[in-house]
Amino acid sequence: MANPSRRQSIARIEETLAAGLLVFAFAVIALQIITRFILGDPLFWTEEAARYAFVWLVALGAAEGITSRTHITMDIVPMMLPERAQLVLRLILDGLVLGALLILVYYGIFGAIRAHKVMSIAIGVPESWLYGALPVFGMLAAIRIMLVMARDTRALLSGGHPVADAPSERYL
């Protein structure tokens, strides 16, 4: 298992990258608004650059949502189960999600490779820069869900209680 401080450093890098993308997207959209409505001569590349930034921002945020379990869930039935059954159900569902994420990574890589031959119109970079967010998200999310599953497995084997999910929890 990786060193906790190393995992926290990786998480900080992802958070910093996401914050940078958010600032970049905001600045580019503000520039588009200023050039379009104040100067009357919009820049042609700002919309596409903002789109790329938002796609990557969503990919990083969705991976973090898996880590902190902040995605929408239906928990009426699991909440009625005993704690150990909740852990078992959580592990089964996380295993299914992990399988889907690995399929997403597999096909996302091929999609990004195919998109590499096509250049974006406005900023002139390969479309793989856009489509590459999908397999990167899948890989980050798969790693994070495996860490969560390891934590839940340890809790199940030790007879402990499931860890309460809260956005402030840090698994990576």
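Refer to the structure above for everything that follows.
Note that this is a predicted model, so its numbers are computed, not measured.

For the structure on display, the rule yields two aromatic pairs. Consider the rings of Y106 and Y107, whose centres lie 5.0 Å apart with planes at 85°: the pair is edge-to-face. With a relative accessible area of 47%, Y106 lands in the partly exposed category. Residue Y107 is classed as exposed on the basis of its relative accessible area of 57%.

Let's shift gears to the pattern of salt bridges. Scanning the entire structure with this criterion turns up five salt bridges. Salt-bridge contacts for R144 lead to E14; the nearest nitrogen and oxygen are separated by 1.9 Å. A residue pair is termed long-range when its members are at least 10 positions apart, and R144 in helix 6 (residues 133-157) and E14 in helix 1 (residues 4-38) qualify at 130 residues. Across the pair R151 and D152 runs a salt bridge, and its minimum N-O distance is 2.7 Å. Judged by its relative accessible area of 11%, R151 falls in the buried class. Residue classification places D152 among the buried positions, given a relative accessible area of 1%. Each of the salt bridges in this network shares a partner with another, and the network as a whole consists of E14, E64 and R144.

What counts, and at which threshold
- Residues numbered from 1 in each chain as written.
- Predicted model: local features only at pLDDT ≥ 70, side-chain atom pairs only at ≥ 80, totals over all residues.
- Heavy atoms only, no water.
- Phe/Tyr/Trp six-rings, centres within 6.5 Å; stacked < 30°, edge-to-face > 60°.
- Buried < 20%, exposed > 50% of the residue type's maximum accessible area, 1.4 Å probe, protein only.
- Salt bridge = Lys/Arg side-chain N within 4 Å of Asp/Glu carboxyl O.
- Helix = DSSP H or I, 4+ residues; strand = E, 2+ residues; numbered from the N terminus.

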